Amino acid sequence: MSWWVIWTVAEWVARLVMIPVVLRRRLPSMTALAWLAVIFFSPELGILMYLLLGSSHLGKRRTRAHRRIITAMRNSQRLAGQKVHVIRPPIDESLIPLARQARSIGGFDILGGNDVQLISQQEDFISQLIADIDAAEHHVHLLFYIFEGEPAERVCQAVQRASKRGVACRVLADAAGSRTFFKSGGLAECICEVGGSCYPMLPAAPWRRRLARIDLRNHRKIVVIDGHIAYAGSQNIASACYNPKGRLWVDVMGRFTGPVVAQLQMVFIEDWAFETGDDLQRPDILPPIAPAGDMAAQTVATGPSHETEMLPKVLLAAINAAQHRIIITTPYMVPDEPTVMALSMAADRGVTVQLVVPEHTDHPLVAAAGRAYYRELMAGGVHIYHHQRGLLHSKTMTVDDAFALLGSSNLDIRSFYLNFEVNVLLYGPAITAKLRAIQTQYLSESLAVDPAAWDRRPMLHQYWDQIAALGSPLL
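## Describing the overall build of the protein chain
Inference 1: Secondary structure assignment for the protein chain yields 19 helices and 19 strands.
Inference 2: The proportion of buried residues among the 475 residues of the protein chain is 57%.
Inference 3: Of all intrachain contacts in the protein chain linking residues separated by at least 6 positions in sequence, the fraction that spans at least 24 positions is 82%.
Inference 4: In the structure as shown, the protein chain presents an accessible area of about 20300 Å², 59% of it carried by carbon and sulfur atoms.

In structure tokens form, the structure reads like this:
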């Protein structure tokens, strides 16, 4: 037989062998179909991609280790010492299923007695963060996806000052998102030289990951200072024009005080133990926290180590609870079908649904895949807006006058199922009004997408969006 015949037979054997391999994973139907389409089109490329990107997990060893850490820490009853009126405070009856759903996914109860300061300007966030680090007395914990640029240098200097005066400083940064932070002579070394500790999260080299999926990332943004102050939201420690196009990031961060700080601290402790093996569960790291306000809050940390840790369940519960108005802001929008259906159903029952996305992003393929969903969403009654001022990077959601969400998750499949993310659910009319005021500012800086004009776009653009959407389950 000729080499061509042998090669053709081998390709078909590979295709047929990969069918049960993909199907036994019990992936969502569209994801399985997309993988099989790639493999049948080009077995060599498809199988290589599947080996590197096909699994949504960290590898068996790391998955088991992470599950053990989470189970041990969230069952440790470290948070059970809170006063009775703090645990599970009274909230709007329509939101009780949402709070229960969030607890079943993230493992944290809803807590009362909190306060949050919303910070929507990058310089204000960096300045407040540096001030808090300069005032730290016991420990400073930082976890970010991107830790680079001039703001990172300023924060690094504050961390160095804290380390020199005896404050325990621990920094986690994503290995891929913060490559320059960990390079020789970089900021990580500067912190370590004065007694701080820095570790990369999820190193991406295949030989270090044993061929587990190499593009899983820790996308969280968390700061905890002295166990009494915490930050969470969408902003990285990076220059405002970090992205390749030079467009300014538009972000929002929350500065939290009150019992919810302990939940964000637990998420940091889990990630720290995952990378270092060091268990930080100690009274000085998790001190008693007195109520600081009257806001109810709940942390939801999700990631690929648990198949049930899926953010869409929380989003669907929130959307289904809506009676009047939903506003969602996200930089990357590639929703799954249940989310599209839930948003359309909300609009059908008279809820005003507004989705705000940037007109231009730093990921053209992801943006094109998201645009493929516009027609279906707008036909279902969802209003879509293109934000014009910079690159809208805020990940927020408000529902009626009772609920808000602030965190690191985008409205896309990667945040839903692949990345480590952290979001804080905020309950009550006061905080919802504060976050909605920021969202309203975004709306004032946006242009509504006209459904008729959208259908008149050049056919080449429409076909490109649809082609990109075919690969959306794999993005």
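Still more ground to cover, so stick around.
## Some points on the packing of helix 5 (residues 96-106) against helix 12 (residues 311-321)
Inference 1: In the contact formed by helix 5 and helix 12, the axes pass within 9 Å of each other and the chain directions differ by 180 degrees. Considering the angle they form, helix 5 stands roughly antiparallel to helix 12. Between helix 5 and helix 12, the residues in contact are L98, Q101, A102 and I105 and K313, V314, A317 and A318, respectively.
Inference 2: Tallied by class, residues from the contact of helix 5 with helix 12 come to 6 nonpolar, 1 polar and 1 charged.

## Comments concerning the pairing of strand 15 (residues 396-399)
Inference 1: Burial along strand 15 is two-sided: the residues T396 and T398 and M397 and V399 are all buried.
Inference 2: Relative to strand 15, strand 10 (residues 325-329) is paired through 4 bridges, and the arrangement is antiparallel. Each bridged residue has a counterpart across the sheet, and for I327 the counterpart in strand 15 is T398.
Inference 3: Following strand 15, the chain reverses through 3 residues before pairing antiparallel with strand 16 (residues 403-407); D400 in that reversal takes a positive phi of roughly 50 degrees.

## Points about the pattern of salt bridges
Inference 1: Tallied over the entire structure, the rule returns 13 salt bridges.
Inference 2: R154 is paired through a salt bridge with E123; the nearest N and O atoms lie 2.9 Å apart. Within this pair, whereas R154 is found in helix 7 (residues 149-164), its partner E123 is found in helix 6 (residues 122-134), the two being separated by 31 residues in sequence.
Inference 3: Looking at R154, the relative accessible area reads 23%, which means it is partly exposed.
Inference 4: Judged by its relative accessible area of 39%, E123 falls in the partly exposed class.
Inference 5: Between R457 and D465 there is a salt bridge; the shortest N-O distance is 2.8 Å. No difference in accessibility class separates R457 from D465, as the two residues are buried.
Inference 6: A single salt-bridge network, built from bridges that share partners, covers E123, E150 and R154.

## Structural notes on the confidence of the model for the protein chain
Inference 1: On average, the protein chain scores 86 in pLDDT, and the residues at 70 or more come to 85%.
Inference 2: This model gives residues 80-85 a pLDDT under 50, and the stretch forms 4 contacts once residues within four places in sequence are excluded.
Inference 3: Ignoring residues within four places in sequence, the model shows residues 206-212, a span with pLDDT below 50, making 16 contacts including any to other chains.

## Some remarks on the environment of I327
Inference 1: As for its position among the elements, I327 is in strand 10.
Inference 2: Residue I327 is classed as buried on the basis of its relative accessible area of 0%.
Inference 3: As for I327 and T352, which are separated by 25 residues in sequence, their C-alpha atoms are 8.3 Å apart.
Inference 4: Aside from chain neighbours lying at most four places away, what touches I327 is Q354, T396, M397, T398, R436, Q439 and L443.

Criteria and cut-off values
- Residues numbered from 1 in each chain as written.
- Predicted model: local features only at pLDDT ≥ 70, side-chain atom pairs only at ≥ 80, totals over all residues.
- Heavy atoms only, no water.
- Helix = DSSP H or I, 4+ residues; strand = E, 2+ residues; numbered from the N terminus.
- Buried < 20%, exposed > 50% of the residue type's maximum accessible area, 1.4 Å probe, protein only.
- Contact = heavy atoms within 4.5 Å.
- Areas by Shrake-Rupley, 256 points an atom, 1.4 Å probe, with all protein chains shown as cover.
- Axes fitted to C-alpha atoms, helices over the stretch in contact; angles between N-to-C directions.
- Parallel < 35°, antiparallel > 145°, perpendicular 65-115°, else oblique.
- Nonpolar A, V, L, I, M, F, W, Y, C, P; charged D, E, K, R; others polar.
- Pairing = 2+ DSSP bridges.
- Salt bridge = Lys/Arg side-chain N within 4 Å of Asp/Glu carboxyl O.
- pLDDT = per-residue confidence, 0-100.

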